[in-house]
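Working through the structure, step by step
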Amino acid sequence: MTARGIGLVARQEIRTRLRTGRWKVLLGAWFLIVNGLGLLFRLALEAGETSSYGEPGIPMFGGVLLGVLVLILLVTPALSGQSINGDRERGTLATLQVTRLTPGEIALGKLAAAWGTGLVALLLTLPSLLLPVVEGAIGVGRALVVLVVTALLMGVVCAVSQAWSALLARSVTSILMSYLTVFALLAGTPLLFALATPMTAERHDDGDVYYSEEHTERIWWMLAPNPVVVLADAAPRLHGKRITVGDQVITRSPSDDPLGELSRGVRDVREGDDGFEDGSSKGGAVWPWGLAFDLALAAGAVAITATRLRTPLYKVPKGVRVA
């Protein structure tokens, strides 16, 4: 497997996508919708109470970034959800398979093309994301970290969608399964956590007092693969403000930072009932475990795709063309 072979497949895939002629309209519509919504969100923050006690750039950056992440993950399955079975249905996949290109080169080349298209869509959202950076409300380092994490999560969904495309014969079915996978990561993980939390409760009877104690530190890992959790927890913390109360100096984190609030909440879940002390979270980071799981999922998906592209093909799905 060589970089030249991967690049060759990627360039061919991108040329095929460009021939459709609709990509300019779609990217233009994406640019206007996302940045238009970001601008409206900024105007709403400036007109609301946020502008009276804090910088509107902090909640704007977190809110727009979370919205972009969800939208990107919803669009991504359409980029690679039919990259394998779509070519097989059109009879063009065999043209690649009979060349000297290895299954790994074909799989990674198609993945690079889909991922690259998604990165272009991410770049088009930069005007609304970088406005708080230009104003000085958000540091360059924090913006760079969250953009890299967003790009990696996009690549994970591209790889999983492509694996479904290689496993299933029909493109409609593979795209549907790709969206179900995204739904499972975004909504399924918190739902599973909410259902499992009561099962961790321990009941205590101290004479006249009867209470139950939930041990979320036992099931925090259920939330770790969630892309929103990974992104929020990976974002570097903003510097808190020091407030003097009597003889004590308390460091208070910005209350209008959506990423920070999510990160503190998830770390408190990992720590359990001991996660609060002087208003600060003492729990360990969750994002390394979640990102490692997502990347392992992507690596397994690429391996499955490469396996399904091996030739000779001894069993052909019913109704599927070979060439």
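What you see is a predicted model, and the numbers here were worked out from it, not measured in a lab. (Residues numbered from 1 in each chain as written. Predicted model: local features only at pLDDT ≥ 70, side-chain atom pairs only at ≥ 80, totals over all residues. Heavy atoms only, no water.)

Turning to the nonpolar core, a few remarks are in order. Membership of the largest hydrophobic core comes to 36 residues, with the highest contact counts inside it found for Phe61, Leu65, Val146, Leu231 and Leu259. At 10 residues, the largest contribution of residues to this core is made by helix 4 (residues 57-75). Setting aside residues no more than four positions away along its own chain, Val146 makes contact with Phe61, Leu65, Leu231, Ala235 and Leu259. (Core = buried A, V, L, I, M, F, W, Y, C linked by side-chain atoms within 4.5 Å. Buried < 20%, exposed > 50% of the residue type's maximum accessible area, 1.4 Å probe, protein only. Helix = DSSP H or I, 4+ residues; strand = E, 2+ residues; numbered from the N terminus. Contact = heavy atoms within 4.5 Å.)

Looking now at the pattern of salt bridges. Across all of its chains, the model carries 6 salt bridges by this definition. A salt bridge links Arg142 to Asp257; the shortest N-O distance between them is 2.9 Å. Placement of the pair is Arg142 in helix 10 (residues 140-167) and Asp257 in the loop between strand 4 (248-252) and helix 13 (258-271), with a sequence separation of 115 residues. Take Arg142 and Asp257: they sit in the same class, and that class is buried. With a shortest N-O distance of 2.7 Å, Arg267 and Asp233 are connected by a salt bridge. Taken together, the residues Arg267 in helix 13 and Asp233 in helix 12 (residues 227-234) connect sequence positions 34 residues apart. Of the residues examined, Arg267 reaches a relative accessible area of 16% and is grouped as buried. Each of Arg42, Glu46 and Glu135 takes part in a single network of salt bridges with overlapping partners. (Salt bridge = Lys/Arg side-chain N within 4 Å of Asp/Glu carboxyl O.)

Detail in the predicted coordinates should be disregarded across regions flagged by low pLDDT. Mean pLDDT over the protein: 82, with 84% of residues reaching 70 or higher. For the protein, helix 3 (residues 50-53) is the element with the lowest average pLDDT, namely 45, and helix 14 (residues 287-308) is the one with the highest, namely 93. Taken as a whole, residues 275-279 scores under 50 in pLDDT and shows 6 contacts with residues more than four places along the chain or in a different chain. (pLDDT = per-residue confidence, 0-100.)

A separate point is the side chain of Glu105. Position of Glu105 among the secondary structure elements: in helix 8 (residues 103-123). Once residues lying within four places of it in the same chain are set aside, the contact partners of Glu105 are Met1, Thr2, Gly5, Ile6, Val9 and Arg100.

Turning to helix 14, a few remarks are in order. If you check helix 14, its first and last C-alpha atoms are 31 Å apart, about what 22 residues at 1.5 Å a residue would give, namely 32 Å. For helix 14, the full list of buried residues reads Gly290, Leu291, Asp294, Ala298, Ala301, Val302, Thr305 and Ala306. End-on view of helix 14: buried residues confined to an arc of 150 degrees, all on one side of the axis. (Expected span 1.5 Å × (residues − 1). Arc of directions from axis to C-beta.)

Relative to the 20 Å expected for 14 residues at 1.5 Å per residue, helix 13 spans 20 Å between its end C-alpha atoms, a close match to the ideal helical length. Residues Leu259, Gly260, Ser263, Arg264, Val266, Arg267, Asp268 and Val269 constitute the buried set of helix 13.

All told, the structure shown has 1 aromatic pair when counted by the stated rule. Between Trp220 and Trp289, the aromatic rings sit 6.5 Å apart at their centres with planes inclined by 75 degrees, giving edge-to-face as the arrangement. Residue Trp220 is located in the loop between strand 2 (209-213) and helix 12, and its partner Trp289 is located in helix 14; the two are separated by 69 residues in the primary sequence. A residue is classified by how much of its surface remains accessible, and Trp289, at 53% relative accessible area, is exposed. The aromatic ring of Trp220 is capped on one face by Arg270, whose charged end is 4.4 Å from the ring centroid. (Phe/Tyr/Trp six-rings, centres within 6.5 Å; stacked < 30°, edge-to-face > 60°. Lys NZ or Arg CZ within 6 Å of the ring centre and 35° of its normal.)

Topologically, Met222 is positioned in the loop between strand 2 and helix 12. Taking the C-alpha atoms as reference points, Met222 and Thr189, separated by 33 residues in sequence, lie 5.9 Å from one another. The contacts of Met222, once residues within four sequence positions are left out, are Thr189, Leu192, Phe193 and Ala196.

A few words now on the side chain of Lys110. One can find Lys110 in helix 8. Sequence-distant contacts of Lys110, that is, excluding residues within four places in its chain, are made with Val9, Glu13, Ser83, Ile84, Asp87, Leu93, Leu96 and Gln162.

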